[in-house]
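Here is what each chain is made of, one letter per residue.
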Amino acid sequence: MDELTKTRVENLVSLRQLLTQVLVVLIGGSIGILLTVNTPLKCGLFAAGLAYTIILLRKLNDISNELKSYLYKRRDK
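Residues numbered from 1 in each chain as written. Predicted model: local features only at pLDDT ≥ 70, side-chain atom pairs only at ≥ 80, totals over all residues. Heavy atoms only, no water.

Participant: It is not clear to me how the overall build of the chain should be interpreted in this structure. Could you clarify?
Facilitator: Within the chain, the secondary structure is distributed over two helices and zero strands. Its C-alpha atoms give the chain a radius of gyration of 17 Å, more than 25% over the compact-globule value 11 Å for 77 residues. Expressed as lengths along the three principal axes of its C-alpha atoms, the size of the chain is roughly 55 × 15 × 15 Å. For the chain, buried positions account for 18% of its 77 residues. In the chain, of all internal contacts separated by at least 6 residues, the share reaching a separation of at least 24 is 73%. Of the roughly 5,900 Å² of accessible surface on the chain, a fraction of 64% belongs to carbon and sulfur atoms. A distance of 8 Å separates the average location of the 11 positive side-chain charges in the chain from that of its 6 negative side-chain charges. (Helix = DSSP H or I, 4+ residues; strand = E, 2+ residues; numbered from the N terminus. Rg over C-alpha atoms; globule rule 2.2 N^0.38 Å. Buried < 20%, exposed > 50% of the residue type's maximum accessible area, 1.4 Å probe, protein only. Contact = heavy atoms within 4.5 Å. Areas by Shrake-Rupley, 256 points an atom, 1.4 Å probe, with all protein chains shown as cover. Lys, Arg positive; Asp, Glu negative; His and termini not counted. Charge placed at Lys NZ, Arg CZ, Asp CG, Glu CD.)

Right under this line is the structure:
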């Protein structure tokens with residue numbers, strides 16, 4: 001593996017770990033919001049948390065797919 005590809009793979013792994021940690025906190029916070037009393041603010045915060053969770057899940061999926069393409073492309077050659 002050349003240096004550029006190796007650096008790119010290391011950066012993707014780091015980014016994937018960071019996104020996973022943020023998702024854990026975001027999902028935990030969204031579930032915590034559900035346990036509070038019912039207010040309009042609760043619904044808005046939960047909707048925002050859900051939207052960010054979906055966006056980050058999509059980004060995590062894209063990063064995982066790109067990482068797999070680097071790793072498996074190199075292995076097949």
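Participant: Mind showing me how you'd approach the pattern of salt bridges here?
Facilitator: Here the idea is simple: oppositely charged side chains can pair when their charged atoms come close. Taken as a whole, this structure holds one salt bridge when the rule is applied. A salt bridge links Glu66 to Arg8; its shortest N-O distance comes to 2.7 Å. Residue Glu66 is located in helix α2 (residues 40-76), and its partner Arg8 is located in helix α1 (residues 3-34); the two are separated by 58 residues in the primary sequence. (Salt bridge = Lys/Arg side-chain N within 4 Å of Asp/Glu carboxyl O.)

Participant: Looking at this structure, how should I read the environment of Pro40?
Facilitator: Locating Pro40 in the fold gives a position in helix α2. Along the primary structure Pro40 and Thr7 are separated by 33 residues, whereas in three dimensions their C-alpha atoms are 46 Å apart.

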